[in-house]
Amino acid sequence: MPMGHTATAEAGSGGLTATEHRLDNGLRVVLSEDHLTPVAAVCLWYDVGSRHEVKGRTGLAHLFEHLMFQGSANVKGTDHFALVQGAGGSLNGTTSWERTNYFETMPTHQLELALWLEADRMGSLLVALDQKNLDNQRDVVKNERRQRYDNVPYGTAFEKIFALVYPEGHPYHHMPIGSMEDLEAASLEDARDFFRTYYAPNNAVLSVVGDIDPEETLAWIEKYFGSIPAYHGKPEPRDGSLPDTIGGQLREVVEEKVPARALMAAYRLPEDGTRACDAADVALTIVGGGESSRLYNRLVRRDRTAVTAGFGLLRLAGAPSLAWLDVKTSGDVEVPVIEAAVDEELARFAEEGPTAEEMERAQAQLEREWLDRLGTVAGRADELCRFAVQFGDPKLAFTAVGRVLDVTAEEVREVAAARLRPDNRAVLVYEPLAAEAEDAAENTDETEESAQ
């Protein structure tokens, strides 16, 4: 039986606890009991995302998210879905720049099934990975790219912004979806090498949260995962560090068939896991987090120059995080009008800082979001994996709320003044195509379709 140590939550975590264990093959295991409902969540994070890819072979991390559901030695085809759903469970997987995760939520008495399924594909996916599966899922991913990015209004905005904020050659320059050219170029051997390198137990964290017997659960994990060999040839990820600010304003005007003009912008922020990133989270919540925010009140309610206006935060641990501004204009309002108002509000916030009422409201909103996340077995399992993979300590998930509440108004003002400024942003301006240009584009599309 593997040896483990207990990692107990600190004050303010609501009594949540977790125990940590490590198998001989390097697999880290985090268990957290919660007998409120008869369900258990299984979450498996692999320390691989699009930042680990190399030029010319982008999209492999996301492609594997699909291939992992296409069968293994003892699970044929898409039976992983059928077995979990047939047992009353739910499941999925996601890919980001920094990780790939897989998860199931099961009735307690079906927990062993989920563990067996995850172990079977970790240990034996290559048995089922053939050219047919690769070609099939490559086409699925290419269609996903068309539907989510290429053929929807503003669909490539995030991709364009990332290419500006993270320069050519940077590991975060490209999106996890990858490019059509790279997806087409990926060979079966490329895929097999990628799996051998990154889908090893010593490159993963497994968390199980819910109505579990820890000793029994650990025995199942040892039984199913313990014989999978470790792999020690994983290369170090490329350096993701960048200057704190961009050093100038980057701009791109995009003329597309979109329903309204839009101003989208991204600002470099401190890396996740820092106090400054928590302060930025509070700042963005006050300035652009929902209908009580400053930007929404100014642009939508008061000036009526926009129909939507808000900020979002993308936390990144291996590179500067990202503040994402998204404003859709109202009627015939020109983007420079919107941009001037945004700059005015940000400059005022940088000078005056937040009010006591704004701090209280923003921190309460973030606290509620964190507690909602930790309040579900699936959300808690995911956060335990995240803090284990990215920061080395799963129990930090239980104290994240306290760190956000500990941020001061002056820290919030300081990070806004240092980062939310015109010389630290990449800007996309969306302009709708003129009617004549739209007609020409539609005619071109129809000609291309008939030629195919």
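Above this text is the structure in question.
These lines cover the structure that appears in this document, whether it is placed above or below. (Residues numbered from 1 in each chain as written. Predicted model: local features only at pLDDT ≥ 70, side-chain atom pairs only at ≥ 80, totals over all residues. Heavy atoms only, no water.)

Some thoughts on the overall build of the chain
Condition: The numbering of helices and of strands both runs from the N terminus, where a helix is a DSSP run of H or I of at least 4 residues and a strand a run of E of at least 2. We take the radius of gyration over the C-alpha atoms and set the globule estimate at 2.2 Å times the residue count to the 0.38 power. Relative accessible area decides the class of each residue, using a 1.4 Å probe on protein chains only: under 20% of the type maximum gives buried, over 50% gives exposed, and in between gives partly exposed. We call two residues in contact when some of their heavy atoms are within 4.5 Å. Values of accessible area rely on a 1.4 Å probe in the Shrake-Rupley scheme; residue burial ignores everything except the protein chains shown. Under this rule, positive means Lys or Arg and negative means Asp or Glu; His and the chain ends count for nothing. Think of each charge as sitting on NZ of Lys, CZ of Arg, CG of Asp or CD of Glu.
Check the secondary structure of the chain and you find 16 helices and 12 strands. Since a compact globule built from 452 residues should have a radius of gyration of about 22 Å, the 24 Å found for the chain is in line with a globular shape. Dimensions of the chain along its principal axes, counting C-alpha atoms only, are 65 × 65 × 40 Å. The proportion of buried residues among the 452 residues of the chain is 53%. Sequence-distant contacts in the chain: of pairs separated by 6 or more residues, those separated by 24 or more amount to 79%. Entry remark: accessible area of the chain is about 19,500 Å², with carbon and sulfur atoms responsible for 50%. For the chain, the centre of its 44 positive side-chain charges and the centre of its 76 negative side-chain charges are spaced 2 Å apart.

Structural notes on helix α8 (residues 214–225)
Quick reminder of the rule: An expected span of 1.5 Å times one less than the residue number is assigned to each helix. Counted as a polar contact is a pair of N or O atoms within 3.5 Å, where, for protein atoms, one must be capable of donating a hydrogen and the other of accepting one, and residues adjacent in sequence contribute only when both atoms are in side chains.
For α8, which comprises 12 residues, the first-to-last C-alpha distance of 16 Å matches the rise-based estimate of 16 Å (1.5 Å per residue) to within 8%. Looking at the buried residues of α8, the elements they touch are β2 (17–22), β3 (28–33), α3 (111–128) and β7 (204–210). By the N-cap criterion, in which a side-chain oxygen at the helix start approaches the backbone nitrogen of a residue two or three places on, α8 is capped by D213, the distance to E215 being 3.0 Å.

Some remarks on the nonpolar core
Put simply, the test is: Take the buried Ala, Val, Leu, Ile, Met, Phe, Trp, Tyr and Cys residues and link them wherever side-chain atoms come within 4.5 Å; each set so joined is a nonpolar core.
Counting 75 residues, the largest nonpolar core has L27, I221 and F225 as its most contacted members. Examining the composition of this core, we find that seven residues originate from one element, α3, more than from any other. Those residues in contact with I221, other than ones at most four positions away along the chain, are L23, L27, V29, L31, L115, L206, V208 and G226. Counting 59 residues, the second-largest nonpolar core is a separate cluster that includes V335, V342, F349 and V401.

Quick notes on the side chain of N101
The topology assignment puts N101 in strand β6 (residues 100–107). On the accessibility criterion, N101 (2% relative accessible area) is buried. Leaving out residues up to four positions away in the same chain, N101 has contacts with L44, W45, N92, G93, T94 and D382.

Function-wise, these values are silent; they only describe arrangement.
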